[in-house]
Amino acid sequence: MLGRRIIAATVLSVLSSFTSVAMAQDWIYTTTKGDNLWNLSEQYLDRVTRFEALRKINGIENPKQMPPGIKLRIPLKWIRSNPVPATVDELLGDAQLQRAGSSEQVALQHGDEVFLGDQIRTGGDSTLAIRFADDSILTLYADSLIRFDHLSAHGKTGMVDSRLNLIQGRMDTRVTPASGPGSRFEIQTPSAISAVRGTEYRALVGEDGKISNIEVLHGKVKVSGAGKHTLVKRGFGTQVAEGKAPIKPRKLLPAPGLTAFDAPVRNISQLVSWPAVDKAQAYRAEVSADADFDVVQWSRISEYAKIALPDIADGEYYLRVRAIDSLGLEGLNSVQPFVLDAHPQPPLQLQPVPEQVLRGETAVLQWTASADAARYRLEVATDEAFTQLVVDQDDITGSRFDTADLPVPGKYYWRLTSITSSGEHGPVGISRSWQVKPAPEKVEAAVGAAEDGKLVASWRAGSAEQQYQVQMATDENFEDLLLDQMQDEARISFDAVEGQVRYLRVRSVESDGYQGPWGTVQRILPIPDYTPLWLSGAAMLLLIL
């Protein structure tokens, strides 16, 4: 008796499983007002004559008068299937389209239709978005190659069958939820097959084509390789090597902690940083004009937890950053909106160099020509906060300005702003300073004798910060130096010598190292020879004798 019950239960279980499979291959249609089996067959089925069979399997007694709300079971194999193209929804950069059966490649355009067997190859720094018949979106990134192996729809049921082959590169998908058992979205790579429905995930084929990475952001993806299958859930990823089964799904790295932008970005290449993510080997940063990132204006990989924003047109954007682990699996996204308002860029300041000190001459300000500027606003102030402006002109069309009319001596700060022909002001440029100081006068030394028998050179003292360089030589060109020293005092003493003419000169040296002009060269005669005359006469007598 117990054996019979077990057999009966087993039979029921098998029948139940067969019924589930059968139901899974049926499309369930809910009738609306005005529906009848004839027009439903005409609209959805491969043959109108199937309406009788449809009536029988659903037990419909009156096929001409069906109230709304009846659920009809329609075998999937009866539903009409027809090819449907995909469409290039957006395109940034360049991409090439190769039609099925042709070796010719043509430039892809926005709005182009893509058919069964076609191939698309994207160029560097290019992305495109492809929309399928069920509004699923695929984003294909730079340097990628994809082939469209199957593009069909089951009549007007909303069920779409899309099968693609990612041969090279990287892609994202946002797949519309399945509307029936005939819905299918499948991505094949050289080493894996991933079947999805109603999910968001990424796929990458390594440079050698032997490694594929799959990362799931929403829903679930069935990944197959070498006859083995694994189910990858939301927030996990797997890697499939050629000829091998998928590795055990591993958790994707968490989203980096990007902070919100508190103001418009006014500088090109502004640095954005975030806290490092544990176990991250690198980071991918992308910028897009739309929150869904169907296409991206810019994408870079950084080894560090920071990135410089790109030089792109002013506008509203989104920055997306994610960490990359040791397998190359890319983690969860962190997204922040920002406004770029960095154009026209200010010119580069050339002269004077930062904090330059000029002696006895005024500055001529010089800068480069900014590409988008029709004119410039120049501000010169006596304070770093630019509250004390001495120059404020916004009609300068050249790239130089003479400051000869500014009072000297003094310290000044200057900055520039580019202005377009339409009057748009760009960000204010960086502030630089210069200083004008009086030119040091020549140091005129006077030489005299001191009471101790030494000679003394002295001159008029300058400021307390000045020092003095004193040189003494045996020649007027000061090539054979006897003395070369720095003095704090405005005097120096030295011994008188016999039989040698010496030359002396002095110059001032400012506290910043600036050297003034040499003063007049002083010629120092030797001590006179006072040999007694009687000795001289005796010598002469000896010569005569």
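Note that the coordinates shown come from a computational prediction; the quantities given were computed from them, not determined experimentally. (Residues numbered from 1 in each chain as written. Predicted model: local features only at pLDDT ≥ 70, side-chain atom pairs only at ≥ 80, totals over all residues. Heavy atoms only, no water.)

Some details on the overall build of the protein chain
When its secondary structure is counted, the protein chain shows four helices and 42 strands. The C-alpha atoms of the protein chain give a radius of gyration of 44 Å, which is well past the 24 Å a tight globule of 545 residues would have. Expressed along its principal axes, the backbone C-alpha trace of the protein chain runs to roughly 165 × 60 × 50 Å. Within the span of the protein chain, comprising 545 residues, buried residues form 41% of the whole. Looking at the protein chain alone, contacts between residues at least 24 apart form 56% of all its contacts between residues at least 6 apart. About 29200 Å² of surface is accessible on the protein chain, with carbon and sulfur atoms providing 51% of the total. When the 56 basic and 68 acidic side-chain charges of the protein chain are each reduced to a single mean position, those positions are 18 Å apart. (Helix = DSSP H or I, 4+ residues; strand = E, 2+ residues; numbered from the N terminus. Rg over C-alpha atoms; globule rule 2.2 N^0.38 Å. Buried < 20%, exposed > 50% of the residue type's maximum accessible area, 1.4 Å probe, protein only. Contact = heavy atoms within 4.5 Å. Areas by Shrake-Rupley, 256 points an atom, 1.4 Å probe, with all protein chains shown as cover. Lys, Arg positive; Asp, Glu negative; His and termini not counted. Charge placed at Lys NZ, Arg CZ, Asp CG, Glu CD.)

Topic: the environment of Lys 411
Checked against the element boundaries, Lys 411 lands in strand β33 (residues 410–419). Judged by its relative accessible area of 39%, Lys 411 falls in the partly exposed class. C-alpha separation for the pair Lys 411 and Ser 433, spaced 22 residues apart in sequence, amounts to 7.2 Å. Leave out the neighbours within four places in its chain, and Lys 411 touches Ala 381, Thr 382, Ser 433, Trp 434 and Gln 435.

Looking at the sheet that holds strand β41 (residues 502–509)
By way of backbone hydrogen bonds, the strands of a sheet pair with one another, either parallel or antiparallel. Read across the open sheet, the four strands follow the order β39-β38-β41-β42; overall the sheet is antiparallel. Two strands in the sheet have a free side with no partner beyond their single neighbour: β39 (481–487) and β42 (522–524). Between one strand axis and the next, the sheet turns by 20 degrees as a mean value, whatever way the strands run. Here seven bridges tie strand β38 (residues 467–473) to β41, and the two strands are oriented antiparallel to one another. The partner of Gln 471 across the bridge, within β41, is Arg 505. (Pairing = 2+ DSSP bridges. Axes fitted to C-alpha atoms, helices over the stretch in contact; angles between N-to-C directions.)

Comments concerning unusual backbone geometry
A negative phi angle characterises most non-glycine residues, just as the trans form characterises most peptide bonds. With an omega of -5 degrees, the peptide bond running from Gln 351 to Pro 352 counts as cis. Mapped onto the secondary structure, Pro 352 falls in the loop between β27 (349–351) and β28 (356–359). For Ala 226, which is not glycine, the phi torsion reads 55 degrees and is therefore positive. In this fold, Ala 226 is placed in the loop between β17 (220–225) and β18 (228–233).

Things to note about the sheet that holds strand β26 (residues 334–340)
Ordered by their spatial adjacency, four strands build an open sheet running β23-β22-β25-β26, and the pairing between neighbours is antiparallel. The strands lining the two open edges of the sheet, one partner per strand, are β23 (298–302) and β26. Recorded for the sheet is a direction-independent mean angle of 20 degrees between the axes of neighbouring strands. Alignment of strand β22 (residues 282–288) against strand β25 (residues 315–324), held across seven bridges, turns out to be antiparallel. Bridge pairing links Ser 288 to Tyr 318 in β25.

Brief notes about the side chain of Asp 118
With respect to the element layout, Asp 118 can be found in the loop between β7 (113–114) and β8 (119–122). We classify Asp 118 as buried; its relative accessible area is 2%. Here the side chain of Asp 118 touches Arg 99 through a polar contact of 2.6 Å, side chain to side chain. A distance of 2.8 Å separates a polar atom in the side chain of Asp 118 from the backbone nitrogen of Phe 115. (Polar contact = N/O pair within 3.5 Å; in protein donor to acceptor, adjacent residues only side chain to side chain.)

Quick look at the pattern of salt bridges
Evaluation of the coordinates by the stated rule reveals 28 salt bridges. A salt bridge links Glu 52 to Arg 55, with the nearest nitrogen and oxygen atoms 2.7 Å apart. Taken as a pair, Glu 52 and Arg 55 lie in helix α3 (residues 51–58) at a separation of three residues, close to a single helical turn. A salt bridge links Glu 379 to Arg 377, with the shortest nitrogen-to-oxygen separation between them at 3.2 Å. Exposure remark for Glu 379: the relative accessible area of 3% places this residue in the buried category. Assessed through its relative accessible area of 25%, Arg 377 is described here as partly exposed. Residues joined in a network through salt bridges with shared partners are Arg 170, Asp 172, Arg 284, Glu 286, Arg 320, Arg 322 and Glu 330. (Salt bridge = Lys/Arg side-chain N within 4 Å of Asp/Glu carboxyl O.)

Some words on helix α2 (residues 37–44)
Regarding α2, the residues found buried are Leu 37, Leu 40, Ser 41 and Tyr 44. What you see down the axis of α2 is that its buried residues fit within an arc of 100 degrees, all on one side. On its buried face, α2 sits against β1 (26–30), α3 and β2 (71–75). (Arc of directions from axis to C-beta.)

Here's the deal with the environment of Ile 70
Summarising the element assignment, Ile 70 is placed in the loop between α3 and β2. Along the backbone, Ile 70 and Gln 239 are 169 residues apart, and their C-alpha atoms lie at a distance of 45 Å. Among all residues touching Ile 70, those that are not within four sequence positions of it are Tyr 29, Thr 30, Thr 31 and Ile 60.

Details of the environment of Leu 145
Residue placement: Leu 145 occurs in strand β11 (residues 145–153). Remark: the alpha-carbon pair of Leu 145 and Arg 170, spanning 25 residues in sequence, is separated by 8.7 Å. Setting aside residues no more than four positions away along its own chain, Leu 145 makes contact with Gln 119, Ile 120, Arg 121, Asn 165, Leu 166, Ile 167 and Gln 168.

A short note on the nonpolar core
By size, the foremost hydrophobic cluster in this structure holds 32 residues, and its most contacted members are Ile 120, Phe 132, Leu 138, Ile 146 and Phe 148. Sequence-distant contacts of Phe 132, defined by excluding residues within four places in its chain, comprise Ala 86, Leu 138, Phe 148, Leu 151, Ser 162, Leu 164 and Phe 185. (Core = buried A, V, L, I, M, F, W, Y, C linked by side-chain atoms within 4.5 Å.)

Side note on the confidence of the model for the protein chain
In the predicted model, the protein chain carries a mean pLDDT of 88, and 92% of its residues have values of at least 70. In the model, residues 1–24 has pLDDT below 50 throughout and makes three contacts with residues more than four positions away in sequence or in other chains. Residue range residues 533–545 is modelled with pLDDT below 50. Its contacts to residues more than four positions away, or to other chains, number zero contacts. (pLDDT = per-residue confidence, 0-100.)

A word on the packing of aromatic side chains
Counted under the stated rule, the structure contains 10 aromatic pairs. Residues Tyr 29 and Tyr 44 carry aromatic rings whose centres are separated by 5.6 Å and whose planes lie at 50 degrees to one another, so their mutual orientation is tilted. Placement of Tyr 29 in strand β1 and of Tyr 44 in helix α2 is noted, with a sequence separation of 15 residues between them. Clustering of aromatic rings is evident, with ring pairs tying together Phe 261, Tyr 317 and Phe 338. Cation over ring: Arg 170 sits above Tyr 141, and NZ or CZ is 3.8 Å from the ring centre. (Phe/Tyr/Trp six-rings, centres within 6.5 Å; stacked < 30°, edge-to-face > 60°. Lys NZ or Arg CZ within 6 Å of the ring centre and 35° of its normal.)

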